[in-house]
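Results of the structural survey
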Amino acid sequence: MSSQQQEKYEESELYRIRHSAAHIMAQAVMEMFEPGEAQIAIGPPIEDGFYYDFDLPRPLTPEDLVAIEKRMRQIIAGQHKFEKKAVSAEEAKAMFADQPYKIELIEGLETGGVDEYGEPLDEKPEISFYSHDAFTDLCRGPHVEHTGKINPSAIKLLHIAGAYWRGDEKRPMLQRIYGTAWKNKDELEAHLGRLEEAKKRDHRRLGKELDLFSVSPDVGSGLILWHPKGALVRHLAEEFCKDEHLANGYDFVYSPHIGRGQLWEKSGHLKWYQENMYSPLDIEGNEYYLKPMNCPFHIEIFKSRVRSYRDLPMRFAEWGTVYRYERSGVLHGLMRVRGFTQDDAHLFCREDQMPEEIDRVLDFCLHLLRGFGMNEFKAYLSTRDPQKSAGDTQRWDDATEALRAALDRVGLDYEVDEGGAAFYGPKIDLKMIDALGREWQLSTIQFDFNLPERFELIYIGEDGERRQPYMIHRALLGSMERFMGVLIEHYGGAFPLWLAPVQAIVIPIADRHIPYAEEVAARMEAAGLRVEVDARGDRMNAKIRDAQNQKIPFMLVVGDHEVENNVVAPRLRSEERLDALRVEDLIGRMQKDIEDRM
RNA sequence: GCCACUGUGGCUCAAUGGUAGAGCAAUCGCUUCGUAAGCGAUGGGUUAUGGGUUCGAUUCCCAUCAGUGGCUCCA
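On to the overall build of chain A. Check the secondary structure of chain A and you find 19 helices and 29 strands. Here chain A holds 598 residues, and the buried ones make up 49% of them. Across chain A, the fraction of contacts at a sequence separation of at least 24, relative to all contacts at a separation of at least 6, is 71%. Surface exposure of chain A reaches about 29,000 Å², of which carbon and sulfur atoms provide 46%. Each charge sign in chain A was given a centre, from 77 positive and 104 negative side chains, and these centres are 2 Å apart.

Before going further, it helps to spend a moment on the pairing of strand E24 (residues 470-479). E24 sits mainly inside the fold: ten of its ten residues count as buried. Note that strand E17 (residues 339-349) and E24 share seven bridges and pair antiparallel. Considered in E24, the bridge of Leu347 is made with Ile472.

A few words now on the sheet that holds strand E26 (residues 531-533). Taken together, the five strands give an open sheet; going across it, the order is E26-E25-E27-E28-E29, and neighbouring strands pair in mixed fashion. If you trace the sheet from one side to the other, it starts and ends with E26 and strand E29 (581-582), each paired once. As paired elements, strand E25 (residues 504-508) and strand E27 (residues 554-558) share five bridges and run parallel to each other. When the bridges of E27 are listed, Ile507 appears paired with Val557.

Inspection of the entire model under this criterion finds 23 aromatic pairs. Ring plane angle 70 degrees and centroid distance 5.7 Å describe the contact between Trp264 and Phe297, whose orientation is recorded as edge-to-face. With a gap of 33 residues between them, Trp264 in helix H9 (residues 261-267) and Phe297 in helix H11 (residues 295-302) connect regions that are remote in the sequence. With a relative accessible area of 0%, Trp264 lands in the buried category. Note on Phe447 and Tyr470: the rings are 5.9 Å apart at their centroids and 75 degrees apart in plane angle, and the pair reads as edge-to-face. Here Phe447, found in strand E21 (residues 439-447), pairs with Tyr470, found in strand E24; they are 23 residues apart in sequence, far enough to count as distant. Classification of Phe447 by relative accessible area gives buried; the value is 0%. The exposure class assigned to Tyr470 is buried, which follows from its relative accessible area of 1%. Directly above the ring of Trp182 sits Arg18, whose terminal nitrogen or CZ lies 4.4 Å from the centroid. Above the plane of the ring of Phe297 lies Lys291, whose end atom (NZ or CZ) is 5.1 Å from the centre.

By the definition in use, this model includes 38 salt bridges. Here Arg438 ties to Asp434 by a salt bridge, and the two come within 3.5 Å at their closest N and O atoms. Residue Arg438 is classed as partly exposed on the basis of its relative accessible area of 33%. Each of Arg234, Glu238, Lys242 and Glu481 takes part in one network of salt bridges that share partners.

Turning our eyes to something else, we now look at the pairing of strand E3 (residues 49-55). Across the seven residues of E3, six count as buried, placing the element largely inside the fold. As judged from the two bridges shared by strand E1 (residues 39-40) and E3, these two strands associate in the antiparallel manner. By the bridge assignment for E3, Ile40 is matched with Phe54. Bridge count between strand E2 (residues 45-46) and E3: two bridges; the pairing is antiparallel. Residue Pro45 lies in a different strand from E3, and its bridge partner there is Phe50. Taking the residues that link successive antiparallel strands as the turn, the E2-E3 hairpin has two residues, and the phi of Asp48 there is positive, at about 70 degrees. The pairing of E3 with strand E8 (residues 173-181) spans five bridges and is antiparallel.

Turning to the nonpolar core, a few remarks are in order. The nonpolar side chains of a soluble globular protein tend to be buried, and buried together. With 65 residues, the main nonpolar core has Phe372 and Met374 as its most contacted residues. Ranked by residues supplied to this core, first place goes to helix H12 (residues 354-371) with nine residues. Discounting chain neighbours no more than four positions away, the residues touching Met374 are Leu369, Met432, Leu442, Phe483, Val486, Leu487 and His490. Core analysis: the next-biggest nonpolar cluster, separate from the first, contains 31 residues, Ile24, Ile40, Ile75 and Phe82 among them.

A word on the protein's contact with RNA strand B. Taken together, 51 residues lie near RNA strand B, and Tyr164, Met293, Ser328, Asp511 and Arg545 sit nearest. A share of 51% is what sugar and phosphate atoms reach among the atoms of RNA strand B within 4 Å of the protein. One nitrogen or oxygen atom from the side chain of His159 is found 3.3 Å from a sugar or linking oxygen belonging to RNA strand B. One of the side-chain nitrogen or oxygen atoms of Tyr424 is found 3.0 Å away from a sugar or linking oxygen of RNA strand B.

Okay, the sheet that holds E21 next. With mixed pairing, eight strands are arranged side by side in an open sheet as E11-E16-E17-E24-E21-E20-E18-E19. Edge positions in the sheet fall to strand E11 (251-252) and strand E19 (414-417), since each has one partner strand and no second. As judged from the seven bridges shared by strand E20 (residues 427-433) and E21, these two strands associate in the antiparallel manner. The residue bridging Leu430 from the neighbouring strand is Ser443, located in E21. Strand contacts of helix H8 (residues 228-247): E11, strand E16 (314-323), E17 and E24, with the helix running at about 155 degrees to E16, the strand carrying the most contacts. The sheet strands contacting H12 are E16, E17, E20, E21 and E24, and the helix crosses E24 at an angle near 5 degrees.

We now examine the domain arrangement of chain A. In terms of domain boundaries, chain A breaks down into domain 1 (3-195), domain 2 (232-255 + 301-491), domain 3 (256-290) and domain 4 (504-595). Of note, the centres of domain 3 and domain 4, computed from C-alpha atoms alone, are 53 Å apart.

This next bit is on the packing of helix H2 (residues 13-30) against helix H3 (residues 62-77). It is at 9 Å that the axes of H2 and H3 come closest, and there the two elements cross at 115 degrees. As H2 runs across H3, the sense of the crossing is right-handed. Residues Ala21, Ile24, Met25, Gln27, Ala28 and Val29 of H2 form the contact with H3, whose own contacting residues are Ile68, Arg71, Met72, Ile75 and Ile76. Taken together, the residues that form the contact of H2 with H3 break down as nine nonpolar, one polar and one charged.

Looking at the secondary structure, you find Ile428 in strand E20. It is 24 Å that separates the C-alpha atoms of Ile428 and Glu489, two residues lying 61 residues apart in sequence. Those residues in contact with Ile428 that lie beyond four places of it in its chain are Tyr380, Leu381, Leu403, Leu407, Ser443, Thr444 and Ile445.

In this section: the environment of Leu556. Inspection of the secondary structure assignment puts Leu556 in strand E27. Leu556 sits in the buried class, given a relative accessible area of 0%. Separated by 13 residues in sequence, Leu556 and Ala569 place their C-alpha atoms 5.4 Å apart. Ignoring anything within four residues of it in the chain, the contact list for Leu556 reads Ala504, Ile505, Val506, Ile507, Met524, Val568, Ala569, Pro570 and Leu586.

How each quantity is defined
Residues numbered from 1 in each chain as written. Chains lettered and ligands numbered in written order. Predicted model: local features only at pLDDT ≥ 70, side-chain atom pairs only at ≥ 80, totals over all residues. Heavy atoms only, no water. Helix = DSSP H or I, 4+ residues; strand = E, 2+ residues; numbered from the N terminus. Buried < 20%, exposed > 50% of the residue type's maximum accessible area, 1.4 Å probe, protein only. Contact = heavy atoms within 4.5 Å. Areas by Shrake-Rupley, 256 points an atom, 1.4 Å probe, with all protein chains shown as cover. Lys, Arg positive; Asp, Glu negative; His and termini not counted. Charge placed at Lys NZ, Arg CZ, Asp CG, Glu CD. Pairing = 2+ DSSP bridges. Phe/Tyr/Trp six-rings, centres within 6.5 Å; stacked < 30°, edge-to-face > 60°. Lys NZ or Arg CZ within 6 Å of the ring centre and 35° of its normal. Salt bridge = Lys/Arg side-chain N within 4 Å of Asp/Glu carboxyl O. Core = buried A, V, L, I, M, F, W, Y, C linked by side-chain atoms within 4.5 Å. Near = heavy atom within 4 Å. Polar contact = N/O pair within 3.5 Å; in protein donor to acceptor, adjacent residues only side chain to side chain. Axes fitted to C-alpha atoms, helices over the stretch in contact; angles between N-to-C directions. Domains from an automatic or database assignment. Left-handed = near helix turned anticlockwise from the far one by under 90°. Nonpolar A, V, L, I, M, F, W, Y, C, P; charged D, E, K, R; others polar.

So this is what it looks like as structure tokens:
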């Protein structure tokens, strides 16, 4: 890796280009309105581009975007110098007297010790302006030397979105324009090409094209219908995981979809989580709630008899389907839904078992994800917030230490979210990146110091004393819905052989080859493979095209030559063509790949 | 939930203030073909839903529902 690539983004030329492009865009937008009509908020560079937030007298339209972009190019052509000027807070406020958002930012810098994003600053920063042409912004820089340093054919405004001032939903909704800027036209086009490619991997699109799942407005938003092929992939994924759970010391349990109000009262969900729960059902005068989590049920199983220290650790696992109210605007394909199935488990263990239990579960988690070819995830450790934490501080510290040690031992890079834990315990989260670059949390391993207290969980120790077990809540794939969404995008719909809903399709060249094709398929099916025959009257070329688009791993062409020699001519979806093979040899090869989960 | 945009046959999309058209898919027929689309015919839409404006709405307006991009949220 060259030093160029290791350069910090904040210090790079691209960063200055994008930051400057944001200022130029702000100038273009301000010029569209009378003085005093439009307010500017903040406009930083971001990954691959920049944005700027405005408070404007009317909504922007896509046509405005075109006009703004055009004006930006004119400003660029003017080669206006970016000039910095350090000022006092008083001067700054006088300068931005008609810009309330800027005044708030200046006051934050001056007194509150927070930067433009509301992040705390160590020391009082210098207040400075950057000016170019007729536009001046409160800004710490850096910028390019002059506007002409920006390549006018390497910028593009992408879309308009709403954004709350300072990210606070109680404050005004501003209009944000997102743009992208690069060093030259080729880089811009490469970036736009990557966005196009990413769209092709979008699980919502592939879900339709490969006939995996759908949602129906009549069923409801955020409620997934799994079609046969999608259900098969999910089944295979679950089967693998369930077998691994059994092999790794888990016991499966089942619990119902609803539970009485008093259960959720006791667990605290009605107090802390009610806004995510659906209204209760009335059953003979009793209130029942759809479960948003499985924990209380697993706890009841633990509590169903007296547990001895000899019984621990206990690991109750369940593919538990939960329902949570999510605000309509956050729903997203399979990634964010209202009904989903967690690969949930609750671990109950003794104090002396706890560190090993954490090691085991993290290893197991990585084992499962890697079983699906996933090796790149972001890990987060969330620690105690002293302001809001339930349970014993010593236990918190021990638990956090165990999590940290486990992460260090497996050598995962992780980010520590100080004080980011929920009130009931520290946790590790693993997140994956989707096709569009968004992060989605899959795995979570979290301690719970609250529920054991509320449900008075105990086991009898070696000394005959009643002790409280450690309780660890964990979901490794997270939810099957989200996991499938990530999995589809990870493979771009081209599932490995062991997961492919159709593993091979036999393509007869002419109708007279159909009986042989059927025979080949039957022999393969007898060996446990998932095979179809394309007996349509279309030409072979059309059948191959369809099979390619369906991303079927093996296409087996059979014509006169194959019938005569009792072989098949395999084509892989990589477009590689194999030499003609006897069916038995092909079966052997495929079975080996399946066993190796290729 | 908030801001903006979108909603036309299964899919992708076109068109218009005078009740809609293409390609793919489907069905049928012809073709029987050697590694990414053979040819032809046929059927299929009360233009998301409910109101309003208008002589007339799918087109304009409002509401609702759903989706998309963001923001907020995300035990």
